[in-house]
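Topology and contacts: notes
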Amino acid sequence: MEKIGLIDKITHNLGTGWLIYKDLEQSLPMQKRTDNLNITLSLLKEVKATKDLNLALSVEEMMLRQELASYINSPEQYKSVFGAIAQLQEAKNSLEVIKNPQIYQQGTKTYSGKDKEAGLPLDSFRKFIKSHSTRFSNSMKSMLSVPEKNVLRQRQENLGMVREVYIGLQRQALGLPALEKSKGLER
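Residues numbered from 1 in each chain as written. Predicted model: local features only at pLDDT ≥ 70, side-chain atom pairs only at ≥ 80, totals over all residues. Heavy atoms only, no water.

**Description of the overall build of the chain**
Helix and strand counts for the chain stand at 7 helices and 2 strands. Sequence-ordered secondary structure for the chain, helices as α and strands as β, is α-α-α-α-α-β-β-α-α. If one aligns the C-alpha atoms of the chain with their principal axes, the spans along those axes are about 75 × 45 × 35 Å. When burial is assessed residue by residue, the chain has 28% of its 187 residues classed as buried. For the chain, the proportion of contacts with a sequence separation of at least 24, taken over those separated by at least 6, is 68%. Within the structure as shown, the chain displays about 13000 Å² of accessible surface, and the carbon and sulfur contribution to it stands at 58%. Positive and negative side-chain charges of the chain, numbering 28 and 21 respectively, have mean locations separated by a distance of 5 Å. (Helix = DSSP H or I, 4+ residues; strand = E, 2+ residues; numbered from the N terminus. Buried < 20%, exposed > 50% of the residue type's maximum accessible area, 1.4 Å probe, protein only. Contact = heavy atoms within 4.5 Å. Areas by Shrake-Rupley, 256 points an atom, 1.4 Å probe, with all protein chains shown as cover. Lys, Arg positive; Asp, Glu negative; His and termini not counted. Charge placed at Lys NZ, Arg CZ, Asp CG, Glu CD.)

Quick look at the structure:
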């Protein structure tokens, strides 16, 4: 019988927690936070529209550093965000090297076939994009609010834009033709 009483207490506690959560969600501070997140979302959409790698990377670094300074509450989060910042710095190094096609072409000769995708090296820039995108996907599985997840999704979309632009730079540095966008199926 003691176990049934414990289950009842847990059930009651969960119900109470849900009611508190709903009250909190409807509070003025939470509404202000939601408004702020919606503004952030809008600004991140503007960043994506620029197709500017340097701007997008600078904004992402700023957001990561702000997470590190303000939101981290576990060693696992610290390790993840600190690692993302380190990878972003490595990605910036790749971005500098790709500006010199001769050096980039020489460097790509050191990549094995399994470290290439569609003939392009999976360098530190591409690895950052993949790793950071996975980090966002994992974060979206957590119990964040919808506006917080929207911001994460937009940051992930911005990484997609960064990836496309960078692949264009890779192709250009390697003397490969630009990829044509598919026109879809015609009937």
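After that view, the rundown keeps rolling.
**Side note on the packing of helix 4 (residues 75-98) against helix 7 (residues 146-173)**
Following both chains from N to C, one finds helix 4 and helix 7 inclined at 35°, their axes separated by 10 Å at the closest point. Both helix 4 and helix 7 take part in a crossing whose hand is left-handed. Where helix 4 approaches helix 7, its residues Ser-94, Leu-95 and Ile-98 are matched on the opposing element by Tyr-166, Leu-169, Gln-170 and Ala-173. When its residues are assigned to classes, the contact of helix 4 with helix 7 shows 5 nonpolar, 2 polar and no charged. (Axes fitted to C-alpha atoms, helices over the stretch in contact; angles between N-to-C directions. Left-handed = near helix turned anticlockwise from the far one by under 90°. Nonpolar A, V, L, I, M, F, W, Y, C, P; charged D, E, K, R; others polar.)

**Quick notes on empty space enclosed by the protein**
Counted under the stated rule, the structure contains 1 cavity of 30 Å³ or more. For the largest cavity, the full set of lining residues is Leu-44, Val-47, Ala-56, Leu-57, Val-59, Glu-60, Arg-155, Asn-158, Leu-159 and Val-162. Of all the secondary-structure elements, those providing two or more residues to the lining of the largest cavity are helix 2 (28-50), helix 3 (53-70) and helix 7. Counted by class, the lining of the largest cavity contains 7 nonpolar, 1 polar and 2 charged residues. (1 Å grid on protein atoms, 1.4 Å probe; cavity = no way out; pocket = protein on both sides within 12 Å on 5 of 7 lines; lining within 4 Å. Points joined across faces, edges and corners; volume = space filled by probe spheres on them.)

**Overview of the packing of aromatic side chains**
One pass over the full model with this rule turns up 3 aromatic pairs. When the centroid spacing of 5.5 Å and the interplanar angle of 10° are considered together, the rings of Tyr-78 and Phe-82 count as stacked. In this pair, Tyr-78 and Phe-82 are both assigned in helix 4, 4 residues apart and thus about one turn of the helix distant. (Phe/Tyr/Trp six-rings, centres within 6.5 Å; stacked < 30°, edge-to-face > 60°.)

**Observations concerning the pattern of salt bridges**
Across all of its chains, the model carries 11 salt bridges by this definition. Of the charged contacts in the structure, one is a salt bridge between Lys-48 and Glu-157, with a shortest N-O distance of 3.4 Å. Residue Lys-48 is found in helix 2, and its partner Glu-157 is found in helix 7; the two are separated by 109 residues along the sequence. Given a relative accessible area of 39%, Glu-157 falls into the partly exposed group. Between Lys-92 and Glu-61 there is a salt bridge, and its shortest N-O distance comes to 2.5 Å. One end of the pair, Lys-92, is in helix 4; the other, Glu-61, is in helix 3, with 31 residues separating them in the sequence. Judged by its relative accessible area of 26%, Lys-92 is partly exposed. It is possible to trace a salt-bridge network through shared partners that takes in Glu-60, Glu-67, Arg-135 and Arg-155. (Salt bridge = Lys/Arg side-chain N within 4 Å of Asp/Glu carboxyl O.)

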